[in-house]
Structures are given as C-alpha cells and as structure tokens.
Amino acid sequence: MDRIGDYRQYRLRLARAVARRLVLEHRLSVPIDVEAFCKNVAGLEIYFDPGIDDRVSAVLRRDLRAVLVNASKARVHQRFSIAHELGHWYLHSDSSVANERTVPLAAINELLDAEANAFAAEFLMPAAAVHEFVRAGVADLPALAVRFEVSQEAVWYRLKELRLAHRVRPRAIGNGSPRGVVT
Ligand SMILES: [Zn+2]
C-alpha cells in the first residue's frame, strides 16, 4: 500500500479507537442512545431542523455546541448522522490534519468525513457487540439493523469491515417472520 493509503488506514483505526474508548468508558449498551450521549456527555444539543438543505444530513455547529439534524430523514439515518457529527466533535477539534503534509489538501475533507464515518460505525455498532450477536445466531441484516437501530446498509458495511459478511444473510428467513433469527 502506498504511503497515503497507510496513513489513511492509521487515521481510521485511530477514529475507531476513540469511539471504542467512549463506549467502554461510559458503559454504553446497544442500541446506543446517541442523542442522550451528545447531551449528557459531550454537551451538544440536538436540533431537528425542518429547513435544512435536503442534501445535508446534519451539521455540527461548534459555535452553538449543537448538531442540526435534517428533520425529514429516516430515524436510523438521523442516528448515524448524529454519530458522524459527534465524531467530528471529538476527532477534529483542532486543525491537526490540515497541518500535516501527508495528505494532499484536496483529499483532507474526504479523509475527515471517512474518519467521522468510521467513528460513527464503531460508536453505534461496537465490534464486540457485532461479534456477539453474530456468534449468538442473529444472522440476518434486518435483525441486526433492529438491534443497533441503524440502516441495513450501515450494518452491511460494518459486517464487511469486520469480515463477518459471509456469516450473515441479506434477508430475513421466511417472509414477515417476527424473529428472523437463524443459527
Ligand atoms: Zn462530515
């Protein structure tokens, strides 16, 4: 892997480690109440903004100590967006990345967002909890999405990241099955 690729992987590992530490330190359990965490731990208010540009999921306003969330998005989408902004709050409070020469200037914003996504995924779907559910036989996407209160897409991406995708079915077994859990 090239030097920038290595550096990127290192930054993403760091972002996940920060999220993991917060989950452990505050003894959070799934589904993680990201809004309560913002308010009670990070000191960030959450506002559901009905007038926000539809292409924007959420915005972190450091000046207001607030996260403005697109009110029209689905609940699971909003939760991930809040966790993403929380990642920016913890990871990007200074200009440490902008001052580093490893990453070309044009790639910095993309890297910051990738870090915030890595943080959000680890925060809402802690690796230990994902492994535990899969080991316990929660083996389809809809069931896992419900456990973590995230979208099925987010679970799928996380499973691939954790190399667990082969253990999980893309759909529930039996149409409309209330359990959807197989061993
Ligand atoms: Zn972002």
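Further up the page is the structure itself.
Because the structure is a prediction, the values reported are computed rather than measured.

What counts and what doesn't
Residues numbered from 1 in each chain as written. Predicted model: local features only at pLDDT ≥ 70, side-chain atom pairs only at ≥ 80, totals over all residues. Helix = DSSP H or I, 4+ residues; strand = E, 2+ residues; numbered from the N terminus. Buried ≥ 20, exposed ≤ 12 C-beta atoms within 10 Å, placed from the backbone. Contact = placed C-beta atoms within 7 Å. Axes fitted to C-alpha atoms, helices over the stretch in contact; angles between N-to-C directions. Parallel < 35°, antiparallel > 145°, perpendicular 65-115°, else oblique. Nonpolar A, V, L, I, M, F, W, Y, C, P; charged D, E, K, R; others polar. Pairing = 2+ DSSP bridges.

Notes on the overall build of the chain
Working step 1: Tallying secondary structure elements over the chain gives seven helices and three strands in all.
Working step 2: Along the chain, helices (α) and strands (β) appear in the sequence α-α-β-β-β-α-α-α-α-α when read from the amino end.
Working step 3: Looking at the chain as a whole, 28% of its 183 residues are labelled buried.
Working step 4: Taking the intrachain contacts of the chain between residues at least 6 apart in sequence as the baseline, contacts between residues at least 24 apart amount to 63%.

Observations concerning the packing of helix H2 (residues 34-42) against helix H3 (residues 75-91)
Working step 1: As a packed pair, H2 and H3 sit with axes 9 Å apart at the nearest point and diverge in direction by 30°. Taken together, the axes of H2 and H3 lie roughly parallel to each other. Mapping the contact onto sequence places Val34, Glu35, Cys38 and Ala42 in H2 and Arg79, Ile82, Ala83, Leu86 and Trp89 in H3.
Working step 2: When grouped by side-chain class, the residues that make up the contact of H2 with H3 number seven nonpolar, no polar and two charged.

A word on the sheet that holds strand S3 (residues 66-70)
Hydrogen bonds along the backbone pair up the strands of a sheet, which may run parallel or antiparallel.
Working step 1: The sheet built from three strands is open, its strands ordered S1-S3-S2 with mixed pairing. Each having just a single partner strand, strand S1 (45-49) and strand S2 (58-61) make up the two edges of the open sheet. In this sheet, adjacent strand axes meet at a mean angle of 20° when their direction is disregarded.
Working step 2: Here four bridges tie S2 to S3, and the two strands are oriented antiparallel to one another. Residue Val59 lies in a different strand from S3, and its bridge partner there is Leu68.
Working step 3: Against the sheet, H3 engages S1, S2 and S3, with an angle of about 30° to S2.

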